[in-house]
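Chain residues, written in single-letter form:
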Amino acid sequence: MLDGSDLYGLDIDGASFVKACGGPCTEGCVTLARIGDNAWALGDSKRPDAEPLRFTKEELDSAGIDPARFGLSV
């Protein structure tokens, strides 16, 4: 199982981020990408220079974020 330090060791170059906004916004500021088995990256399209945060599936579940809702396979 990955821990926080393992997540930041994963290479996310080439990761496919999708809009993961939960509301009617058209800006799509929150982005989400699968970066490994049980590993996800959460970015901010308004701050493309900022490093995306990384989470396990369990952490996303705890936050109420379901990647399948945004068309990503779990």
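Not measured: the values here are computed from a predicted model. In this numbering scheme, every chain counts its residues from 1 along its sequence in written order. With pLDDT at 70 or above as the cut-off, local features in this predicted model cover only qualifying residues; side-chain atom pairs require 80 or more to be listed or tallied, and sums for whole chains, interfaces and linings still use all residues. The side-chain figures draw on all heavy atoms in the structure; neither hydrogens nor water molecules are used.

Chemist: Would you take a moment to explain the pattern of salt bridges for this structure?
Modeler: Here the idea is simple: oppositely charged side chains can pair when their charged atoms come close. Salt bridge, as used here, is a side-chain nitrogen of Lys or Arg placed within 4 Å of a carboxyl oxygen of Asp or Glu. Counted under the stated rule, the structure contains 3 salt bridges. In this structure, Arg34 and Asp37 form a salt bridge, with 3.8 Å as the shortest nitrogen-oxygen distance. Residue class for Arg34 comes out partly exposed when judged on its relative accessible area of 33%. Lys57 is the partner of Asp61 in a salt bridge, and the nearest nitrogen-oxygen pair spans 2.4 Å. Linking Asp61 with Lys57, this pair stays in helix H2 (residues 57-62), spanning 4 residues, or about one helical turn. Three exposure classes are used, based on accessible area relative to the maximum for each residue type with a 1.4 Å probe and protein chains only: buried under 20%, partly exposed in between, and exposed over 50%. Helix numbering and strand numbering both begin at the N terminus, where a helix is a DSSP run of H or I of at least 4 residues and a strand a DSSP run of E of at least 2.

Chemist: Got a minute to help me understand the pairing of strand E3 (residues 39-44) in this structure?
Modeler: Residues in a regular strand point their side chains to alternate faces of the sheet. Of the pairings in the sheet, the one linking strand E2 (residues 30-36) to E3 comprises 6 bridges and is antiparallel in character. Residue pairing for E3: Gly36 is matched across the bridge by Ala39. Whether two strands pair depends on DSSP finding at least two bridges between them. The turn linking E2 back onto E3 is made up of 2 residues, and Asn38 within it adopts a positive phi angle of 65°. As paired strands, E3 and strand E4 (residues 53-56) are joined by 4 bridges and run antiparallel to one another. Paired with Ala41 across the bridge in E4 is Arg54.

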